[in-house]
Amino acid sequence: MENLNPKVRQKCGNRVITAEENDDLTLDEIDAREVFDLIRDINDPEHPLTLEELNVVQLDHIQVDSVKNRVKVEFTPTIPHCSMATLIGLSIRVQLLRSLPQRFKVDVEITPGAHNSEFAINKQLADKERVAAALENSHLIEVVNQCLIAKGL
């Protein structure tokens, strides 16, 4: 474990879901808060904490463009040399690909300046063939799935 004492932040409150959002007949655009809610409870691969609690994912680092059908998430590893950054990015990508409508193109990147190898990791996370190959690795997909399982289950 590289970061023995990560800073833990308080989780933000749950989003209030309106009656309109629960109505299947109403067009409800996906927004940054909805994307944040999809990824905030992803478990960190090293710590018994979520990405939100570690401040790895933040609401203001999520962009949604419903017109162009794009979602961009920037995440911030807890330390600049985090060896789990690629796994964290892959977990975020998988969660969004599984949860969002297929029309969305998902971009997951490290927040600029937050990691020593951000260029190489961003290149890996943007490469569809590499991501697909990684997800065919049974051990790796098992690790990703463990990150995606909600606590207490």
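Just above, that's the structure.
Residue positions within a chain follow its written sequence, with the count starting from 1. Residue-level local features of this predicted model are given only where pLDDT is at least 70; pairs of side-chain atoms are given and counted only at 80 or more, and the full residue set underlies all totals for whole chains, interfaces and linings. Side-chain measures here rest on the full set of heavy atoms in the structure, leaving out hydrogens and waters.

A. Region of the structure containing empty space enclosed by the protein. Both site types are read off a 1 Å grid over the protein atoms alone. A 1.4 Å probe that fits but cannot get out defines a cavity, while an open set with protein on both sides within 12 Å along at least five of seven lines defines a pocket; lining residues have an atom within 4 Å of a point. Grid points are joined across faces, edges and corners, and a volume is the space filled by probe spheres set on the points. Across all of its chains, the model carries one cavity of 30 Å³ or more by this definition. Estimated volume of the largest cavity: approximately 50 Å³. Lining the largest cavity are Asp44, Glu46, His47, Leu54, Val56, Pro77, Thr78, Cys82 and Ile88. The nonpolar class holds Ala, Val, Leu, Ile, Met, Phe, Trp, Tyr, Cys and Pro. Asp, Glu, Lys and Arg form the charged class, and all remaining residues, Gly among them, are polar. Taken together, the residues of the lining of the largest cavity sort by class into five nonpolar, two polar and two charged.

B. Representation of the layout of surface pockets. Taken as a whole, the largest pocket holds about 200 Å³ of empty space. Arg93, Lys105, Val106, Ala126 and Lys128 are, among the 13 residues lining the largest pocket, the residues nearest its centre. What counts as a helix is a DSSP run of H or I of at least four residues, what counts as a strand is a run of E of at least two, and both are numbered from the N terminus. Of all the secondary-structure elements, those providing two or more residues to the lining of the largest pocket are helix 3 (85-99), strand 3 (105-110), helix 4 (118-126) and helix 5 (128-135). Looking at the lining of the largest pocket, the element that brings in the most residues is helix 5, giving four residues. Within the lining of the largest pocket, the residues separate by chemical class into eight nonpolar, no polar and five charged.

C. Structural context of the sheet that holds strand 2 (residues 70-75). Taking strand neighbours across the sheet as the criterion, the three strands line up as 1-2-3 in an open arrangement whose pairing is mixed. At either margin of the open sheet sits one strand with a lone partner, and together these are strand 1 (57-65) and strand 3. Averaged over all pairs of adjacent strands, the angle between their axes in this sheet comes to 20 degrees, without regard to strand direction. With five bridges connecting them, strand 1 and strand 2 associate as antiparallel partners. In the strand pairing of strand 2, isoleucine 62 is matched with valine 73. Contact between two residues is taken to exist if any of their heavy atoms lie within 4.5 Å; hydrogens are not considered. Structural elements are reduced to axes, namely lines fitted to C-alpha atoms, with helices fitted over the stretch in contact, and the angle between N-to-C directions of any two is expressed from 0 to 180 degrees. Running at roughly 160 degrees to strand 3, helix 3 makes contact with strand 1, strand 2 and strand 3 of the sheet. A pair of strands counts as paired when DSSP detects no fewer than two bridges linking them.

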